[in-house]
Amino acid sequence: MGEKVKEKLSLREIRNSLGALNEIGKKEGLDFKLNYRIAKNCKNLEPIVKAYESSLQKFFKENGKYDKASGGYMLDPKDESKVIEFQKTNEELLEEEYEAEIDKIQIGRAHV
């Protein structure tokens with residue numbers, strides 16, 4: 001059985017880990033137990049990332065301009081103060097720590 005642990009992780013680490021876990025989980029031929037643990041970890045981490053991404057989308061929609069090329073909203077690069085303020089606030093958020101319950105996963109000799 002996988003070892004359940006509570007880890008303090010930054011929002012940046014959680015986003016990166018979730019992305020990596022999703023990519024690994026897409027691979028074919030994974031052991032059932034490994035696939036299950038990956039899915040459980042994703043389920044535990046997704047709410048944290050979804051809240052951030054939802055807030056991010058709302059911020060850009062309210063403060064940005066629609067960009068046809070990208071199909072999304074962007075801050076006006078000419079408004080340097082708003083861009084700098086956003087970057088500072090976003091960096092602070094990405095460094096905030098959250099306690100997440102995860103199952104340690106052993107792949108070969110490495111723990112993920």
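Going by the structure above, here's the rest.
Scoring rules and cut-offs
Residues numbered from 1 in each chain as written. Predicted model: local features only at pLDDT ≥ 70, side-chain atom pairs only at ≥ 80, totals over all residues. Heavy atoms only, no water. Helix = DSSP H or I, 4+ residues; strand = E, 2+ residues; numbered from the N terminus. Buried < 20%, exposed > 50% of the residue type's maximum accessible area, 1.4 Å probe, protein only. Axes fitted to C-alpha atoms, helices over the stretch in contact; angles between N-to-C directions. Parallel < 35°, antiparallel > 145°, perpendicular 65-115°, else oblique. Contact = heavy atoms within 4.5 Å. Nonpolar A, V, L, I, M, F, W, Y, C, P; charged D, E, K, R; others polar. Phe/Tyr/Trp six-rings, centres within 6.5 Å; stacked < 30°, edge-to-face > 60°. Salt bridge = Lys/Arg side-chain N within 4 Å of Asp/Glu carboxyl O.

Side note on the environment of K78
Right, on to step 1. For K78, the position within the fold is in the loop between β3 (72–74) and α3 (80–95).
Right, on to step 2. Between the C-alpha atoms of K78 and Q106, which are 28 residues apart in sequence, the distance is 48 Å.

A word on the side chain of S10
Right, on to step 1. As for its position among the elements, S10 is in strand β1 (residues 4–10).
Right, on to step 2. Under the relative-accessibility criterion, S10 is labelled buried at 6%.

Remarks on the environment of I38
Right, on to step 1. Secondary-structure assignment places I38 in helix α2 (residues 32–63).
Right, on to step 2. Through-space distance from the C-alpha of I38 to that of F59 is 31 Å; in sequence the pair is 21 residues apart.

Some remarks on the packing of α2 against α3
Right, on to step 1. Between α2 and α3, the shortest axis-to-axis distance is 13 Å and the interhelical angle comes to 175 degrees. As summarised for this structure, α2 and α3 are arranged roughly antiparallel, according to the angle between their axes. Contacts between α2 and α3 involve Y52, L56, F59, F60 and N63 from the former and K82, F86, N90 and L94 from the latter.
Right, on to step 2. Residue composition of the contact of α2 with α3, grouped by class: 6 nonpolar, 2 polar and 1 charged.

Things to note about the packing of aromatic side chains
Right, on to step 1. Counted by the stated rule, this structure contains 4 aromatic pairs.
Right, on to step 2. With a centroid separation of 5.2 Å and an interplanar angle of 15 degrees, the aromatic rings of F59 and F86 are classed as stacked. Taken together, the positions of F59 in helix α2 and F86 in helix α3 put the pair 27 residues apart, joining distant regions of the chain.
Right, on to step 3. Residue F86 is classed as buried on the basis of its relative accessible area, which comes to 18%.
Right, on to step 4. Centre to centre, the rings of Y66 and Y73 are 5.4 Å apart; their planes meet at 70 degrees, and the pair counts as edge-to-face.
Right, on to step 5. In this structure an aromatic cluster arises from ring pairing among F59, F60 and F86.

Regarding the pattern of salt bridges
Right, on to step 1. Considering all chains together, one arrives at 9 salt bridges under this definition.
Right, on to step 2. E91 serves as the salt-bridge partner of R12, at 2.2 Å between the closest nitrogen and oxygen. Residue R12 is found in helix α1 (residues 11–26), and its partner E91 is found in helix α3; the two are separated by 79 residues along the sequence.
Right, on to step 3. A relative accessible area of 28% means that R12 is categorised as partly exposed.
Right, on to step 4. Given the relative accessible area of 38%, E91 is considered partly exposed.
Right, on to step 5. For K65, the salt bridge is made with D76, and the minimal N-O distance between the two is 3.8 Å. Pair noted here: K65 is in strand β2 (residues 65–67) and D76 is in the loop between β3 and α3, with a separation of 11 residues, a long-range link.
Right, on to step 6. Looking at D76, the relative accessible area reads 28%, which means it is partly exposed.
Right, on to step 7. Overlapping salt bridges, with partners in common, bring together R12, E91 and E95 in one network.

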